[in-house]
Structure formats: structure tokens, C-alpha cells
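Observations on the model geometry
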Amino acid sequence: MKLLCALLVFVASASAVKNYGGYQVLRVVPQDMEQLQRLHDLYNLLEDTVDFWKEPTRLNQPVDIMIGPNLVKDVKLELSRRDLDFSIYVEDVQTNINNERCTDCVNAKAGFNYNIYHTADEISQWVTDMATDYSIVTEINIGKSHEGRDIKAIKISSGGSKRVIYIQGGIHAREWISPATMMYMANQLVSNYNTDAEVKAMVDNYDWYIVPSLNVDGYSYTWTNDRMWRKNRQPNDGSRCVGTDLNRNYPYQWGGTGASPSKCSDTYYGSAPLSGKEVSVVDTWLQQFSGNIALFIDFHNYGQLWLYPWGYTGNAATPQPDKAVQQTIALEATAALQAVAGTSYFVGMSGPDMYPASGASEDYGYGTLGVKYTYVVELRDEGRYGFNIPERMIEESGKETFAALKVFGTNPLA
Ligand SMILES: [Zn+2]
């Protein structure tokens, strides 16, 4: 009995959710090239031990560093030693985690509650239920994750065979606003099809495939173990560190700048292109649409950015024949987005205008799949809540992002 109790206590503590009490996020904004270089050096020194929510990129772009209570003092000293001014951007990460849930939103409405975050199982069930409830919806089982969960897509089609709009969310596990926004938008498409002429046009123009939660193992882990987990849950040979950054594991220009060979890094690019089970499964599935995808968007948070390829290079002069048309419609879409609640987005080329990240989804969509209109989007916010966007903001995020999507879905995307 004693042994059983001890075992139970062990199991309970082993599965406890990590507490982020005392974790702070420091923000440093590099003002000149020298400071930027010193930040890069610091990043290289700390990337395996400290969580850079935003890595050093370019001048005046904030660098957000999350630090555990045992390292806060040391990192602050290190920043001072390098003559880098910082502000305490998030005083206590656990407070943000606690505040992300909206207690009076729970069961506020009948049916599926789009105003709260849902577990991996609930999202999976939601796909099944949508297919049962709506004749224009089909449940698609793309394949299994590393841990054996179903990776699902919701297909929305009014019949026939049309060009495809492919949208994915949740490739980074902790970016909860992404799956929530995907589900919100899918519901808008489906439930307003008969009442909103623009929505009808969107669905009559294209076949929509929406993957609400691509990194389904990682997402599940953020509920059960560690809210701030980013990668997938595949073990790495010869390392105690688990997981591949799926958004550095795509085959186009894999293994270059902005991706890490270190298995403990949050941007570990994997053992080979498409070694990450989930991106490999989705890649195989996407091949059937080859040449027929009109729009590809990968939704993340945070930063309020609407970015087009290339991502692998910081050189804006790298040839990219479609950037002008990609930019034009993205500006129109983000203007429509801003009209909803005033949220402003930056539109630009991923690598040169933000930071180079090789093996990422936008280069795969454009370079490998050949989708002319390919984007990576960073949803709300600009860092105040970061990955812990309060549930009360889901609806506005959904509404405004859907306004942007309307611009694409009602456009011929030629
Ligand atoms: Zn992300």
C-alpha cells in the first residue's frame, strides 16, 4: 500500500503542469548594429537554456527573452555587462497564463463554444461534429502524429472540384490563438454560407481545407505538461531534449540560417528535411493537390505580421517573381482586417523584413508546392500577452482575420 501511494504521488508529480511563477520576459530593442551583434552573441550563448520568444532580428525589432527565476539575475547581469538596456516586459508569465482563461465565457452559449480554448481531443471531435452537422463539410483524416493522434482537416466545399485554399494552424504548440482562430473562421464559412453572399462566393469559388491543429502532440502537451512548449514531441537520438521545430523542418532550403542544429534548441531543424512526422504526413497528403492550390497560409502568433516568401534569406534582392502581387492583396486584406477592430498588421517579405528562417512553411508553400499566393501570418498581439492571448480576445481575432480571408476568398487569385 505504501509503495502504491508512493507510486501514485510520483505519477501525480510527474504529470503536473509546469508552473511559470517567477518567469519574466525581458525586452531588448537593439538601437544600432553593435547592440544587434551583441544580442546575436547572447542568443548563440543562451539558445539552449533560455527561451527567446522573439530572437534578435534587425534594428529596432524587439527581442523578447523568457527567463526562469533561477536565471533572471544572471541574465540581467549579462545584459548589463554587454551594455544592453532592457525592460521587464512580462512581470510574471504564470499570471498571464492564469489570466488567459475567461471563467465567465465557459458554457456561455449553447453548442460549441468558440470563445474558449479547446483541448486536442475537443478539436478532433469538433471536426467530426462539423461534418455531421453541415452537408458542405467533410472530415479529412490526413494521418497520424508521432504519438498516434489523428491529424485532421476540415474540408468545406459546395460540390464539384475547385481550386484549393489550404490553411493550417497550430504548427507551434503554444500558439493557442492559432487553432482557436482557425476554428472560428471555419465556422464562419460554414454557418454563414446560406446567409452571406460574400461567404457563399468564398465557398463557391474554392475548396477549403483547414487544419486547425497540425502539431497535435505538442498542442496536447501544452495542456498536460508545459504551456510554453513549441516543438513536436518526437524524441531525438542521443539527446535528452525532445522535439523538432516543425516550422524549420520543411524541405525547401532546409538547414540554413535561422534554424538550429542543436537538439535542445526551440528552433531545432530535425535530423533531415521532413523528419518531423507531422509535416511529413501533411506533405504527402498535399501532393494530391499539386498545381491546384490557389492560396496557402500558415497561421502563428505573435507579432501581427502578414508575410510572403522568401523566409530563408535576409537578402531582399533574391529573385521572387510574385512578391508585388502577394504584397498588393495582403495590403488589401490587412486593411480589411484593421477596419474590424483597429488591429494593425505589418506586410512584408519574411526573411528580409523580419528575420531569416530556413526550412519554414512559406518557402515550402511557394518554393516546393509552387503556390503563387503563400503567406505566413503572425496573429495577435505585439507581445503584451504573447502566446497567452486571453480567451476574451478570440472572437475579435477570429472576426478580423476572417475579414482578411474574405479578401482572398472573393478574389480569383490568378
Ligand atoms: Zn509560430
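For the structure, see preceding data.
For the structure given in this document, a descriptive report is provided here. (Residues numbered from 1 in each chain as written. Predicted model: local features only at pLDDT ≥ 70, side-chain atom pairs only at ≥ 80, totals over all residues. Heavy atoms only, no water.)

Topic: the overall build of the protein chain
The helix and strand tally for the protein chain stands at 13 helices and twelve strands. Computed over C-alpha atoms, the radius of gyration of the protein chain comes to 21 Å, within 12% of the 22 Å expected from 2.2 N^0.38 for 414 residues, which places it in the range of a compact globule. Over its C-alpha atoms, taken along the principal directions, the protein chain stretches across nearly 65 × 60 × 40 Å. Within the protein chain, buried positions represent 57% of all 414 residues. For the protein chain, the proportion of contacts with a sequence separation of at least 24, taken over those separated by at least 6, is 76%. Side-chain charges in the protein chain split into 35 positive and 48 negative, and the spacing between the mean points of these groups amounts to 2 Å. (Helix = DSSP H or I, 4+ residues; strand = E, 2+ residues; numbered from the N terminus. Rg over C-alpha atoms; globule rule 2.2 N^0.38 Å. Buried < 20%, exposed > 50% of the residue type's maximum accessible area, 1.4 Å probe, protein only. Contact = heavy atoms within 4.5 Å. Lys, Arg positive; Asp, Glu negative; His and termini not counted. Charge placed at Lys NZ, Arg CZ, Asp CG, Glu CD.)

Some details on the coordination of the zinc ion
At 2.1 to 2.4 Å from the zinc ion lie its protein donor atoms, namely His 172 (ND1), Glu 175 (OE), Glu 175 (OE) and His 300 (ND1). Positions of the donor residues of the zinc ion, expressed as sequence spacing, correspond to H-x2-E-x124-H. Note that Glu 175 is positioned in the loop between β7 (164-169) and α6 (177-191) and His 300 in strand β9 (residues 293-301), a separation of 125 residues in sequence. Each member of the pair, Glu 175 as well as His 300, carries the same accessibility label: buried. (Donors = N, O, S within 2.8 Å, 3.2 Å for Na, K, Ca; no water.)

Considerations on the state of the cysteines
Across all of its chains, the model carries one disulfide by this definition. Covalently, Cys 241 is tied to Cys 264 through a disulfide, its sulfur atoms 2.0 Å apart. Note on the Cys 241 and Cys 264 pair: the S-S dihedral is about 85 degrees, so by sign convention the disulfide is right-handed. Here Cys 241, found in the loop between α8 (216-224) and α9 (277-286), pairs with Cys 264, found in the loop between α8 and α9; they are 23 residues apart in sequence, far enough to count as distant. On the basis of relative accessible area, Cys 241 is assigned to the buried category, the value being 11%. For Cys 264, a relative accessible area of 23% puts it in the partly exposed group. (Disulfide = S-S within 2.5 Å.)

Looking at unusual backbone geometry
Between Pro 309 and Trp 310 the backbone carries a cis peptide bond, its omega angle lying at 10 degrees. Among the structural elements, Trp 310 can be located in the loop between β10 (305-308) and α10 (323-341). Looking along the chain, the bond that leaves Arg 380 and enters Asp 381 is cis, with omega of -5 degrees. Positionally, Asp 381 belongs in the loop between β12 (373-379) and α13 (394-409). Look at Leu 274: it is not a glycine, yet its phi comes out positive at around 60 degrees. The exposure class assigned to Leu 274 is partly exposed, which follows from its relative accessible area of 22%. At Leu 413, a residue that is not glycine, the phi angle is positive and equals roughly 50 degrees. With respect to the helices, strands and loops of the structure, Leu 413 is situated in the segment after α13.

Comments concerning the side chain of Ser 178
Its location among the elements puts Ser 178 in helix α6. Owing to a relative accessible area of 0%, Ser 178 belongs among the buried residues under this scheme. Among the polar contacts made by the side chain of Ser 178, one reaches the main-chain amide nitrogen of Gly 170 at a distance of 2.9 Å. (Polar contact = N/O pair within 3.5 Å; in protein donor to acceptor, adjacent residues only side chain to side chain.)

Observations regarding the sheet that holds β12
Sheet strands line up and pair through hydrogen bonds in the backbone, either parallel or antiparallel. What the eight strands build is an open sheet, ordered β5-β6-β8-β7-β9-β12-β10-β11; its pairing is mixed. At either margin of the open sheet sits one strand with a lone partner, and together these are β5 (137-144) and β11 (346-349). When the angles between neighbouring strand axes are averaged without regard to direction, this sheet yields 20 degrees. Set on the sheet, α13 makes contact with β7, β8 (207-211), β9, β10 and β12; between it and β9 the angle comes to about 165 degrees. (Pairing = 2+ DSSP bridges. Axes fitted to C-alpha atoms, helices over the stretch in contact; angles between N-to-C directions.)

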